[in-house]
Amino acid sequence: MKCTCVRTLSHVQLFEFPGGSVVRTRMKTRFSYAFPKEFPYKMNHVLECEFYLLELMDCCLIVYHPYRPLLQYVQDMGQEDMLLPLAWRIVNDTYRTDLCLLYPPFMIALACLHVACVVQQKDARQWFAELSVDMEKILEIIRVILKLYEQWKNFDERKEMATILSKMPKPKPPPNSEGEQGPNGSQNSSYSQS
């Protein structure tokens, strides 16, 4: 799915997407411990998955991120040099959770800014008190972020990713080599039809 998302984004942003061999090489070098043989997904799998992704998104490619509100909040605080780089990295880390599916971007931005203020020992209680936002929701987001960082302390990627990836469904290789046509003249699909 990650390859499909990057490919779809590259179409939207008018960037060239690297071919299937580049993706397979990258996956082989980055996750060689998890894919001891060959990366099982081919470019046609990515292309097929793109249709499912666009269908799930209802063909709407407008996505709101916490970055824009974060920039506005940091400018409002007047602490751009001190807080922005750390808060930005925390926002990046939130994409490894389901927060972007559960909370609006402005709340995620506020939570990340709050965490950055605590780490940098910047007293922003007055600034946060003046906001008309449900601070309980912000604290829920902060708890998830802190739980993520706590989990990362004990996470051994090499040991646990192989187990996780082994549970993922693998594509079924077609009986003929890729690109050949089946007995009825149609292109072989690598997924079984139910």
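Residues numbered from 1 in each chain as written. Predicted model: local features only at pLDDT ≥ 70, side-chain atom pairs only at ≥ 80, totals over all residues. Heavy atoms only, no water.

- With an unreviewed UniProt entry as reference, the chain is termed Cyclin-like domain-containing protein, source organism Muntiacus reevesi.

### A look at the environment of proline 69
Part 1 of the argument: Structurally, proline 69 can be placed in helix 4 (residues 67–77).
Part 2 of the argument: Distance in space between the C-alpha atoms of proline 69 and proline 105 is 7.5 Å, their sequence separation being 36 residues.
Part 3 of the argument: Leave out the neighbours within four places in its chain, and proline 69 touches Pro105, Phe106 and Ala109. (Helix = DSSP H or I, 4+ residues; strand = E, 2+ residues; numbered from the N terminus. Contact = heavy atoms within 4.5 Å.)

### Looking at the pattern of salt bridges
Part 1 of the argument: Counted according to the given criterion, the structure contains two salt bridges.
Part 2 of the argument: The residue aspartate 123 makes a salt bridge to arginine 125 at a minimum N-O spacing of 3.0 Å. This pair shows no difference in class: aspartate 123 is exposed, exactly as arginine 125 is. (Salt bridge = Lys/Arg side-chain N within 4 Å of Asp/Glu carboxyl O. Buried < 20%, exposed > 50% of the residue type's maximum accessible area, 1.4 Å probe, protein only.)

### Notes on the side chain of aspartate 93
Part 1 of the argument: Within the fold, aspartate 93 resides in helix 5 (residues 80–94).
Part 2 of the argument: Buried and without a salt bridge, aspartate 93 has arginine 96 as its closest oppositely charged side chain, separated by 5.1 Å.
Part 3 of the argument: In this structure the side chain of aspartate 93 is engaged in a polar contact, spanning 2.6 Å, whose partner is the side chain of tyrosine 149. (Lys, Arg positive; Asp, Glu negative; His and termini not counted. Polar contact = N/O pair within 3.5 Å; in protein donor to acceptor, adjacent residues only side chain to side chain.)

### Overview of the nonpolar core
Part 1 of the argument: Judged by nonpolar contacts, the single largest core of 31 residues is most densely connected at Leu70, Leu113 and Ile141.
Part 2 of the argument: When contributions to this core are tallied by element, the ones reaching two or more residues are helix 4, helix 5, helix 7 (105–119), helix 8 (125–129) and helix 9 (135–153).
Part 3 of the argument: Looking at this core, the element that brings in the most residues is helix 7, giving ten residues.
Part 4 of the argument: Residues in contact with isoleucine 141, not counting those within four places in the same chain, are Leu99, Tyr103, Met107, Ile108 and Ala111. (Core = buried A, V, L, I, M, F, W, Y, C linked by side-chain atoms within 4.5 Å.)

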